Amino acid sequence: LETIGRTHEGRELVLCVLATPERRGALERVRASLARLGDPRGLDEEEAARIARDTPAVAWIGGSIHGDETSGTDACLALAWHLAAD
């Protein structure tokens, strides 16, 4: 779990990253590569193709956007368990 910010009420916003130990160790490299693709100024097609080829797929699941709705949180916990178990 990582803290990625705070709400306007000061509540912690957290991110759960599920990855193999090898991928977890390379997380900063993956983040940098995705940021490079996200801001393509000065990015040529060859570099973009290399980054796309060499960077693992990432899925962002924002499953709980309303603090008073527990179903999204419960669903995300179940999904995280299934992803980690497999």
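For the structure, see preceding data.
Residues numbered from 1 in each chain as written. Predicted model: local features only at pLDDT ≥ 70, side-chain atom pairs only at ≥ 80, totals over all residues. Heavy atoms only, no water.

Novice: Just checking my understanding: could you explain the pattern of salt bridges for this structure?
Specialist: When the charged atoms of two side chains lie near each other, side chains of opposite charge can form a pair. According to the stated counting rule, one finds eight salt bridges in the structure shown. Arginine 36 is paired through a salt bridge with glutamate 47; the nearest N and O atoms lie 3.3 Å apart. Of this pair, arginine 36 sits in helix α2 (residues 27–38) while glutamate 47 sits in helix α3 (residues 45–54); the two residues are eleven residues apart in sequence, bridging distant segments of the chain. Residue classification places glutamate 47 among the partly exposed residues on the basis of a relative accessible area of 24%. Between arginine 53 and aspartate 54 there is a salt bridge, with the nearest N and O atoms lying 3.3 Å from each other. A single network of salt bridges, built from pairs that share partners, joins Glu2, Arg24, Glu28 and Arg31. (Salt bridge = Lys/Arg side-chain N within 4 Å of Asp/Glu carboxyl O. Helix = DSSP H or I, 4+ residues; strand = E, 2+ residues; numbered from the N terminus. Buried < 20%, exposed > 50% of the residue type's maximum accessible area, 1.4 Å probe, protein only.)

Novice: What exactly am I supposed to notice about the layout of surface pockets here?
Specialist: Taking a probe equal in size to a water molecule and rolling it over the atoms shows the remaining empty space. Approximately 1,600 Å³ is the volume found for the largest pocket. Considering the residues around the largest pocket, the lining is formed by 38 residues, among which Val14, Leu15, Cys16, Val17 and Ile61 are closest to the centre. Secondary-structure elements contributing two or more residues to the lining of the largest pocket are β2 (12–15), α2 and α4 (70–85). Per-element accounting of the lining of the largest pocket gives the leading share, six residues, to α4. Looking at the lining of the largest pocket residue by residue, the class counts come to 24 nonpolar, nine polar and five charged. (1 Å grid on protein atoms, 1.4 Å probe; cavity = no way out; pocket = protein on both sides within 12 Å on 5 of 7 lines; lining within 4 Å. Points joined across faces, edges and corners; volume = space filled by probe spheres on them. Nonpolar A, V, L, I, M, F, W, Y, C, P; charged D, E, K, R; others polar.)

Novice: Please explain the packing of α2 against α3 as it appears in this structure.
Specialist: To characterise two packed helices, one gives the angle between the axes of the helices and the distance between these axes. Two elements in contact, α2 and α3, have axes separated by 10 Å at closest approach and are oriented at 145°. Classified by chirality, the crossing of α3 by α2 is left-handed. The segment α2 lies against α3, with Arg29, Ser33, Arg36 and Leu37 engaging Glu47, Ala48, Ile51 and Asp54. The residue makeup of the contact of α2 with α3, split by class, is three nonpolar, one polar and four charged. (Axes fitted to C-alpha atoms, helices over the stretch in contact; angles between N-to-C directions. Left-handed = near helix turned anticlockwise from the far one by under 90°. Contact = heavy atoms within 4.5 Å.)

Interpretation note: all reported values are geometric properties and have no functional meaning in isolation.
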